[in-house]
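Next come the chains, spelled out residue by residue.
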Amino acid sequence: MAESNEMTINLLVLGRTQTGKSAAGNRLLGSYDFESHLSPSSVTTCCSLRRSSRISGIIRRNGCELALRVRVLDTPSYPHSSLSKEQVQHKVRTALAQHFREGLHLALLVLRADLPLCPDENDHTIQFIQELLGPTWKDFTAVLLTHADKAEEAGFSEDTYLHSASSTLLSLLSSVQHKYIFLDNQKSIIKEERANILRKLLNFIRKNNYQLLLLKHTKE
């Protein structure tokens, strides 16, 4: 929280290479601050914090409208083409301690909706997040399913997609209390679409009683 008439939410984006992680961060910010493009290697090598301007018309608390500010911390992917797991975790922990001293509202795990989630991949991802966020990671993690436009082109609505999804993905969504959002990567950043995404994220945060996850950086 910031001023009494303003609310700030702290978001961390995590994911594998080429899942659209940085692009998702840009969509949340309503800008193109994070570098995002097709590459045969991991694009993001350092953590980077960006802030939105004040956003109106998104949230009301106690009968009063609040202005919203969004702070997004983009991170190197894991697995990474040039960084070890330990190096990625060290960079993320250091950045969290530096930028989110008051705590983290939500970690956003970015997965591609147009690619199946395999058990081994899921196990490595969950282990990575558990080690990073600690035992309450499920309360502070949501899933962003990017490239939803490709699933739609293949004839899937959100409901039919989930009916056909692997048990691995369904188990992951269940473990994070069904906190998930589908993102279309082809559309330009539309104000109302962004507002709907932010409202969904705020609803996840509200259901967790606006709690902040405090993370301490330990030197390695």
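Throughout, a residue's number is its position along its own chain's written sequence, starting from 1. Selection of residues for local features in this predicted model requires a pLDDT of at least 70, selection of side-chain atom pairs for listing and counting requires 80 or more, and totals for whole chains, interfaces and linings are taken over all residues. The side-chain figures draw on all heavy atoms in the structure; neither hydrogens nor water molecules are used.

K.L.:
Before we move on, could you go through the packing of aromatic side chains and cite the residues and values that matter?
P.N.:
Note on aromatic contacts: the rings of Phe and Tyr and the six-membered ring of Trp form a pair at centre separations within 6.5 Å, being stacked when their planes are under 30 degrees apart, edge-to-face when over 60 apart, and tilted otherwise. All told, the structure shown has 4 aromatic pairs when counted by the stated rule. Between F156 and Y161 the ring centres are 6.3 Å apart and the planes differ by 90°, which places this aromatic pair in the edge-to-face class. Accessibility here uses a 1.4 Å probe with only protein chains present; expressed as a share of the type maximum, an area under 20% marks a residue as buried, one over 50% as exposed, and anything in between as partly exposed. We classify F156 as partly exposed; its relative accessible area is 34%. Within the aromatic cluster, the residues linked to one another by ring pairs are F156, Y161, Y180 and F182. R61 extends its terminal NZ or CZ atom over the ring of Y210, reaching a point 3.9 Å from the ring centre. We call a charge positioned above a ring when the Lys NZ or Arg CZ atom is no farther than 6 Å from the ring centre and deviates by at most 35 degrees from the ring normal.

K.L.:
I'd like a rundown of the nonpolar core, residues and numbers included.
P.N.:
Within this scheme, the nonpolar core is defined by two criteria: the residues are buried Ala, Val, Leu, Ile, Met, Phe, Trp, Tyr or Cys, and they are joined through side-chain atoms within 4.5 Å. Counting 37 residues, the largest nonpolar core has L12, L111, L133, L169 and L172 as its most contacted members. At the level of secondary structure, the elements contributing two or more residues to this core comprise β1 (6–15), α2 (85–99), β5 (106–112), α3 (119–133), β6 (141–146), α4 (148–153), α5 (158–164) and α6 (167–175). Runs of E in the DSSP output that reach at least two residues are strands. Runs of H or I that reach at least four are helices, and both are numbered from the N terminus. A total of 5 residues in this core trace back to one element, the largest contributor, which is α3. Contacts: residue pairs with any heavy atoms within 4.5 Å of one another. Setting aside chain neighbours within four positions, we find L169 in contact with L111, L117, L145 and Y161. Counting 30 residues, the second largest nonpolar core, distinct from the first, contains I9, I55, V72 and L201.

K.L.:
Break down the pattern of salt bridges for me, with residues and values.
P.N.:
Basic side-chain nitrogens of Lys or Arg form a salt bridge, by our definition, when they fall within 4 Å of a carboxyl oxygen of Asp or Glu. Enumeration over the complete set of coordinates arrives at 10 salt bridges. In this structure, R54 and E6 form a salt bridge, with 2.4 Å as the shortest nitrogen-oxygen distance. Of this pair, R54 sits in the loop between β2 (48–51) and β3 (55–61) while E6 sits in strand β1, placing them 48 residues apart in sequence. Between E6 and R69 there is a salt bridge, and its shortest N-O distance comes to 2.9 Å.

K.L.:
How would you summarise the pairing of strand β4 (residues 64–74) if you had to cite specific residues and measurements?
P.N.:
By the criterion of burial, β4 is predominantly enclosed, with 8 of the 11 residues buried. Between any two strands, pairing holds if DSSP finds at least two bridges. Looking at chain direction, β1 and β4 are connected through 7 bridges and run parallel. Looking at β4, one finds that T8 is bridged to R69. Inspection of the sheet shows β2 paired to β4 by 4 bridges, in the antiparallel sense. Bridge pairing in β4 links R51 to R71. As paired strands, β3 and β4 are joined by 4 bridges and run antiparallel to one another. In the strand pairing of β4, R60 is matched with E65. Hairpin remark: β3 followed by β4, antiparallel, with 2 residues in the connecting loop; positive phi at N62, about 55°.

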